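Residue-level listing of the chains:
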Amino acid sequence: MKKYIPNTITSLNLFSGCIGTVMVLNQEYLLAFYCVLASGIFDFFDGMSARALHVKSLIGKELDSLADVISFGFLPGAIIFTMLQDTTANPYLPYLGFIITVFSALRLAKFNIDTRQTTDFIGVNTPMNTFFIVSLPFIAEIYPALKNTWILLAIAIVSSLLLVSEIKLFSMKLSSLSWDINKYKYLFLMVSVLLLFLLKFLALPIILLLYILFSFIHFRTVK
């Protein structure tokens, strides 16, 4: 039975992503956020359980990518799509939001064959990008200037390019608990939790920027 546990967790990731996408299309953004959060948790634990149970498989790897295309590809594209529908009378322009979906799929395909990404990431990972995108409807309620067609399209383009960029970013999978080796990972985690507590959704874009900054410092120090 244990060999089915990781794939079951991955399937829950996919199921949650499907529900989250429906919530987005209904503009129930808070429920969509909870679904993204659930998908992120499932995505973290499916790989961990496969390693712990020694049941890693090729089908598990493929299923993980397929689930991520929905939860962390189609869902964030749908968010930009629905937000653009509210900012433009052009019936076709909102579909450009799905460039995030396309680049998320490219990023996941690249990850599967890129031997440089066995322990860390090259380019922003899709869950991190999705948490950033899912924060936008909430930030737009505080800063209405964000409800602008060209700003949203610019965000979609920049985030898409970050997904397939050559920026090296650390993974939170720890091979050791050593402070010296992981201090910038620990600092990033502590600062992120503090920001989330203080700023809530406003913290997510800042956390993305800090992730890139702390990763740069981490790899420069390790090197």
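Just so we're clear, the structure is a prediction, and the values are computed from it rather than from any experiment. (Residues numbered from 1 in each chain as written. Predicted model: local features only at pLDDT ≥ 70, side-chain atom pairs only at ≥ 80, totals over all residues. Heavy atoms only, no water.)

Draft legend 1. Layout of the overall build of the chain. Within the chain, the secondary structure is distributed over 8 helices and 2 strands. The N-to-C order of helical and strand elements in the chain reads α-α-α-α-β-α-α-β-α-α. Scaling as 2.2 N^0.38, a compact globule of 223 residues should have a C-alpha radius of gyration of about 17 Å, and the chain matches this with 17 Å. Looking at the 223 residues of the chain, the share that counts as buried comes to 47%. Intrachain contacts of the chain at a sequence separation of at least 6 include 71% that bridge at least 24 residues. Here the chain has roughly 12000 Å² of accessible surface; of this, 73% comes from carbon and sulfur atoms. Of note, the chain has its 16 positive side-chain charges centred 9 Å away from the centre of its 12 negative side-chain charges. (Helix = DSSP H or I, 4+ residues; strand = E, 2+ residues; numbered from the N terminus. Rg over C-alpha atoms; globule rule 2.2 N^0.38 Å. Buried < 20%, exposed > 50% of the residue type's maximum accessible area, 1.4 Å probe, protein only. Contact = heavy atoms within 4.5 Å. Areas by Shrake-Rupley, 256 points an atom, 1.4 Å probe, with all protein chains shown as cover. Lys, Arg positive; Asp, Glu negative; His and termini not counted. Charge placed at Lys NZ, Arg CZ, Asp CG, Glu CD.)

Draft legend 2. Seen up close, helix 8 (residues 203-222). Relative to the 28 Å expected for 20 residues at 1.5 Å per residue, helix 8 spans 27 Å between its end C-alpha atoms, a close match to the ideal helical length. Every buried residue of helix 8 is listed here: Ala-203, Leu-204, Ile-207, Leu-208, Leu-210, Tyr-211, Phe-214, Ser-215, His-218 and Phe-219. Angular distribution of buried residues about the axis of helix 8 spans 165 degrees; they occupy a single face of the element. Across from the buried face of helix 8, at angles greater than 90 degrees, the exposed residues are Leu-209, Phe-216 and Arg-220. Against strand 1 (121-122), helix 5 (126-142), strand 2 (168-169) and helix 7 (179-199) lie the buried residues of helix 8. (Expected span 1.5 Å × (residues − 1). Arc of directions from axis to C-beta.)

Draft legend 3. A look at the packing of helix 1 (residues 5-25) against helix 3 (residues 58-85). For the pair helix 1 and helix 3, the least separation of the axes is 9 Å and the interaxial angle reads 15 degrees. One way to sum up the angle between helix 1 and helix 3 is to call them roughly parallel. Of the two possible hands of crossing, helix 1 and helix 3 adopt the one that is left-handed. Residues of the contact of helix 1 with helix 3, tallied by class, amount to 14 nonpolar, 10 polar and 2 charged. (Axes fitted to C-alpha atoms, helices over the stretch in contact; angles between N-to-C directions. Parallel < 35°, antiparallel > 145°, perpendicular 65-115°, else oblique. Left-handed = near helix turned anticlockwise from the far one by under 90°. Nonpolar A, V, L, I, M, F, W, Y, C, P; charged D, E, K, R; others polar.)

Draft legend 4. Just the environment of Thr-82, in detail. Relative to the helices and strands, Thr-82 is located in helix 3. Using a relative accessible area of 1% as the deciding quantity, one classes Thr-82 as buried. The sequence separation of Thr-82 and Lys-147 amounts to 65 residues, and the corresponding C-alpha distance is 11 Å. The residues contacting Thr-82, other than those within four sequence positions of it, are Val-24, Leu-25, Gln-27 and Tyr-29.

Draft legend 5. View of unusual backbone geometry. Although it is not a glycine, Gln-27 adopts a positive phi angle of roughly 60 degrees. Summarising the element assignment, Gln-27 is placed in the loop between helix 1 and helix 2 (29-53). Judged by its relative accessible area of 37%, Gln-27 falls in the partly exposed class. In this structure, Lys-200 takes a positive phi of about 55 degrees despite not being glycine. Take Lys-200: it is sitting in the loop between helix 7 and helix 8.

Draft legend 6. Local environment of helix 7. The sharpest bend along helix 7 comes to roughly 35 degrees, located at Lys-185. For helix 7, the full list of buried residues reads Asn-182, Tyr-184, Lys-185, Tyr-186, Phe-188, Ser-192 and Leu-195. Elements that come into contact with the buried residues of helix 7 comprise helix 5 and helix 8. Downstream of helix 7 by one or two residues, Lys-200 has phi in the positive range, about 55 degrees. (Bend = angle between axes of the 7 residues up to and from the residue.)

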